[in-house]
Amino acid sequence: MQRRALITGVTGQDGSYLAELLVSKGYAVHGLRRRSSTFGTERIEHLIRGNEPCVHLHYGDLSDASGLARLIRQIRPHEVYNLAAQSHVRVSFDQPAYTADVTAVGTLRLLEALRDVQDDTGEQIRFYQASSSEMFGKVVETPQKETTPFYPRSPYGVAKVYAHWITVNYRESYDLHASCGILFNHESPRRGETFVTRKITRAAARIKLGMQDKLYLGNLDAQRDWGFAGDYVEAMWLMLQQPTADDYVVAMNELHTVREFCELSFGRLGLDYNDFVEIDPRYFRPAEVDLLLGDATKGRTKLGWTPRVSFQELVEMMVDSDLELARRERGLAGTSASLDRMAA
Ligand code: NAP
Ligand code: F7E
């Protein structure tokens, strides 16, 4: 029988890679999308268009409990991946209550819907929760692993701690097959443009083509353990294929600074980041997470998970993709400028 999966956050970076992975494995893939005044489906266009779309989209929102419950009853998924969240750490300081409602309580709403359907039908629904290294925050040990205590430093981190523990609680209370992946930062050419990696690669490419002069950043000394999103979604799937549910750290176990990311990105284009990067205090956070370094030994051993893309390859992939994007944008600008001239 064809397995059915529901992905919340399917329009996001991870959602798009996970949808591709599940389609390639023969799943019937359903995705939750928010209503918006624009399409917002750029990352999954190739999966939703045509006579026989690979991914079926449904309107819904993690703030809407009855809508989620109805959807779970309608789809009767075998696997649910909860990737939806207000996922931006800096923004969570500006929208703490909204972040708590969606990122924390939204997870509870989804778990409640699963629990009800599982109780009624007797069919097990496997659940994945997108936990985050941001929960380790002001780290109490390095590297961080599954047993490291949490010390979140942002409303986002606090919301993810709630979502993590409520998932563990439902696993222990209601016999749900619910697993949490504690994922360290993972990036790609599909990364949102306001996260630091993509902000850097996008700006470097535009500067190279003369479309932008400067790049304004915050804390260049922050250290992160960056991997490739395409590799990390494989770990999500592997977690739900295990006989018992559990929690896993997913990371590269490599530390790099934001400054180093700048150096490599601009260097790829033959530029020196010192000539273009300026510090803008607006990008500093009220409380910072200085260092995150993950130990993924458990996931590598128990799941057999192995990342394929190195840090250097990730930077190059993102810079090259953004250079292509900038060239297309410049071409389009050129076309509209010449059309304007013709019309004048
Ligand atoms: P992302 O690109 O920001 O995607 C977030 C997704 O959530 C989008 O599809 C967004 O929809 C959706 N969403 C936001 N609010 C929603 C709501 N109220 N109801 C329903 N959907 C909503 O994030 P990502 O990088 O793919 O990350 C996926 C998940 O992993 C998130 O939960 C994130 O917190 C977590 N995580 C990410 C990382 C990382 O480094 N990327 C690390 C650890 C954990 P729109 O497209 O409509 O905005
Ligand atoms: O910041 C510093 C910033 O916003 C990384 C999310 O996916 O990963 C992500 O959260 C570092 C921070 O990611 C700018 O202060 C400097 O120290 O790319 P980021 P994040 O906060 O680590 C975790 C694991 C998640 O779960 C989240 O969902 O870079 N930084 N200058 C900057 N950051 C941004 N965004 N913009 C700057 O101009």
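Residues numbered from 1 in each chain as written. Chains lettered and ligands numbered in written order. Predicted model: local features only at pLDDT ≥ 70, side-chain atom pairs only at ≥ 80, totals over all residues. Heavy atoms only, no water.

*Asks:* Explain the nonpolar core to me, please; I cannot follow it from the model alone.
*Replies:* Soluble globular proteins: nonpolar side chains tend toward being buried together. I7, L18, L22, Y81, Y128 and F266 are the most contacted members of the largest nonpolar core, which totals 71 residues. With residues near it in sequence (within four places) discarded, F266 still touches I200, A204, I207, L215, L271, D272, Y273, F276 and V277. (Core = buried A, V, L, I, M, F, W, Y, C linked by side-chain atoms within 4.5 Å. Buried < 20%, exposed > 50% of the residue type's maximum accessible area, 1.4 Å probe, protein only. Contact = heavy atoms within 4.5 Å.)

*Asks:* What am I meant to see in the site of ligand 1 here?
*Replies:* For ligand 1, the set of nearby residues contains 24 residues, the closest of which are T11, R34, D61, S87 and Y156. One of the backbone nitrogen or oxygen atoms of G12 is found 3.0 Å away from an oxygen atom of ligand 1. Note that an oxygen atom of ligand 1 is positioned 2.9 Å from one of the backbone N or O atoms of L83. For ligand 1, whose accessible area on its own is 890 Å², the fraction buried by protein is 88%. (Near = heavy atom within 4 Å. Polar contact = N/O pair within 3.5 Å; in protein donor to acceptor, adjacent residues only side chain to side chain. Areas by Shrake-Rupley, 256 points an atom, 1.4 Å probe, with all protein chains shown as cover.)

*Asks:* Just checking my understanding: could you explain the packing of helix α7 (residues 196–208) against helix α9 (residues 258–268) for this structure?
*Replies:* Each pair of packed helices can be summarised by the angle the axes make with each other and by the distance between the axes. Look at α7 against α9: their axes get within 10 Å of each other, and the N-to-C directions meet at 30°. The pairing of α7 with α9 is recorded here as roughly parallel in orientation. For the crossing formed where α7 meets α9, the hand is right-handed. Within the contact between the two elements, α7 uses V196, T197, I200, T201, A204 and I207 and α9 uses V258, F261, C262, S265 and F266. (Axes fitted to C-alpha atoms, helices over the stretch in contact; angles between N-to-C directions. Helix = DSSP H or I, 4+ residues; strand = E, 2+ residues; numbered from the N terminus. Parallel < 35°, antiparallel > 145°, perpendicular 65-115°, else oblique. Left-handed = near helix turned anticlockwise from the far one by under 90°.)

*Asks:* I tried to follow the site of ligand 2 on my own but got confused; where do I start?
*Replies:* Around ligand 2 sit 22 residues in total, of which S87, S132, Y156, R285 and E288 are the nearest. Here ligand 2 loses 95% of its free accessible area of 700 Å² to cover by the protein chains. Elements represented by at least two residues in the shell around ligand 2 include exactly α7 and β8 (215–217). In the shell around ligand 2, the residues fall into nine nonpolar, eight polar and five charged. (Nonpolar A, V, L, I, M, F, W, Y, C, P; charged D, E, K, R; others polar.)

*Asks:* I'm lost on the sheet that holds strand β1 (residues 4–8) in this one. Help?
*Replies:* Strand pairing in a sheet relies on backbone hydrogen bonds, with the paired strands running either antiparallel or parallel. Ordered by their spatial adjacency, seven strands build an open sheet running β3-β2-β1-β4-β5-β6-β11, and the pairing between neighbours is parallel. Edge strands, defined here as strands with exactly one partner in the open sheet, are β3 (55–59) and β11 (247–250). For this sheet the average axis-to-axis angle between neighbouring strands, irrespective of direction, equals 20°. The pairing of strand β2 (residues 28–33) with β3 spans five bridges and is parallel. Along β3, the bridge assignment pairs V29 with V55. Lying on the sheet, helix α1 (residues 13–24) is in contact with β1, β2, β3 and β4 (79–82); it crosses β1 at an angle near 175°. Its contacts with the sheet put helix α3 (residues 65–75) on β1, β2, β3 and β4, and the angle it makes with β1 is roughly 160°. (Pairing = 2+ DSSP bridges.)

*Asks:* What exactly am I supposed to notice about helix α5 (residues 96–121) here?
*Replies:* What sets the pattern is the α-helix's 3.6 residues per turn: residues three or four places apart point alike. The end-to-end C-alpha separation of α5 is 37 Å, in line with the 38 Å expected for 26 residues at 1.5 Å each. If you look at α5, its biggest bend is around 40°, right at V105. (Expected span 1.5 Å × (residues − 1). Bend = angle between axes of the 7 residues up to and from the residue.)

*Asks:* Would you mind going over the pattern of salt bridges with me for this structure?
*Replies:* Any two side chains of opposite charge can pair, given that their charged atoms come close. The tally for this structure, following the rule as stated, stands at 26 salt bridges. Salt-bridge contacts for E123 lead to R76; the nearest nitrogen and oxygen are separated by 2.9 Å. A residue pair is termed long-range when its members are at least 10 positions apart, and E123 in the loop between α5 and β5 (126–132) and R76 in the loop between α3 and β4 qualify at 47 residues. Using a relative accessible area of 36% as the deciding quantity, one classes E123 as partly exposed. On the basis of relative accessibility, which here comes to 32%, the residue R76 falls in the partly exposed class. The residue E193 makes a salt bridge to R198 at a minimum N-O spacing of 4.0 Å. (Salt bridge = Lys/Arg side-chain N within 4 Å of Asp/Glu carboxyl O.)

*Asks:* Explain the packing of aromatic side chains to me, please; I cannot follow it from the model alone.
*Replies:* What the rule picks out here adds up to eleven aromatic pairs. Ring geometry for F261 and F311: centres 5.8 Å apart, planes at 75°, overall edge-to-face. Of this pair, F261 sits in helix α9 while F311 sits in helix α11 (residues 311–343), placing them 50 residues apart in sequence. In this pair, the class of F261 matches that of F311, namely buried. Within the aromatic cluster, the residues linked to one another by ring pairs are F136, F150, W165 and F184. Over the aromatic face of Y174 sits the side chain of R115, whose NZ or CZ is 3.9 Å from the ring centroid. (Phe/Tyr/Trp six-rings, centres within 6.5 Å; stacked < 30°, edge-to-face > 60°. Lys NZ or Arg CZ within 6 Å of the ring centre and 35° of its normal.)

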